[in-house]
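One-letter residues, chain by chain:
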Amino acid sequence: MNQLRIIKIIVFIFTFLLVGACILLLGCLTKKAFMKTHQPPVSNLSQPAGSTIKQIESNDKLLHILISGGELPDRIITYNPKNKQIESNLLLYEDNNEQQ
């Protein structure tokens, strides 16, 4: 009779540990599910409001970005994502003086 009581106590302890572990696991999963995801840091291209990106190309680990609008002429920005810096800024002016 004493052995049966010991087995019941062991089963009760293991059941308690199993239920506790399940509750802990569910708590961790719900915490991760409802946690806000962190957005990657946004680099500022220092462009005026109303600017839109028209085209992006990469070359030698640099990004060449064609931007238009923002009360400025179209421009090409060479951006280094590794350093998060603008390497160059090229303004594209249209020649409105047509010679006949």
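See the structure shown above.
Each residue is numbered by its place in its chain's sequence as written, counting from 1. At least 70 in pLDDT is required for a residue's local features to be given in this predicted model, at least 80 for side-chain atom pairs to be given and counted, and no such filter applies to totals for whole chains, interfaces and linings, which use all residues. In computing side-chain properties, one takes all heavy atoms of the structure into account and sets aside hydrogens as well as water.

A. Region of the structure containing helix 1 (residues 2-34). Under the scheme used here, helices are H or I runs from DSSP no shorter than 4 residues and strands are E runs no shorter than 2 residues, and both carry numbers assigned from the N terminus. In a helix, the anticipated span is given by 1.5 Å times the number of residues less one. End to end, helix 1 covers 48 Å across 33 residues, agreeing with the expected 48 Å (1.5 Å per residue, within 8%). Buried residues are those whose accessible area, probed at 1.4 Å on protein chains only, stays under 20% of the maximum for their type, while exposed residues exceed 50% and partly exposed ones sit between those limits. Across the 33 residues that make up helix 1, only a small minority, zero, are buried.

B. Region of interest: the nonpolar core. Counting five residues, the largest nonpolar core is built from L45, I65, I67, I77 and Y79. Breaking this core down by element, the ones donating at least two residues are strand 2 (62-69) and strand 3 (72-80). Should any heavy atoms of two residues lie within 4.5 Å, those residues are considered in contact. Look past the residues within four positions of L45 in its chain and what remains in contact with it is I65, I67, I77, Y79 and I86. Note on terminology: a nonpolar core comprises buried Ala, Val, Leu, Ile, Met, Phe, Trp, Tyr and Cys residues joined through side-chain atoms within 4.5 Å.

C. Spatial organisation of the sheet that holds strand 3. Think of it this way: DSSP has to see at least two bridges between two strands before they count as a pair. Read across the open sheet, the four strands follow the order 1-2-3-4; overall the sheet is antiparallel. Either end of the sheet is taken by a strand with one partner, and the two such strands are strand 1 (51-59) and strand 4 (85-91). Put simply, the sheet's adjacent strands are angled 20 degrees from each other on average, direction ignored. All axes here are fitted lines through C-alpha atoms, helices being fitted over the stretch that makes contact, and every angle between N-to-C directions spans 0 to 180 degrees.

D. Representation of the side chain of N80 in the model. Looking at where N80 falls in the secondary structure, it is placed in strand 3. Not counting residues within four places of it along the chain, the set of residues in contact with N80 comprises K61, L62, Q85 and E87.

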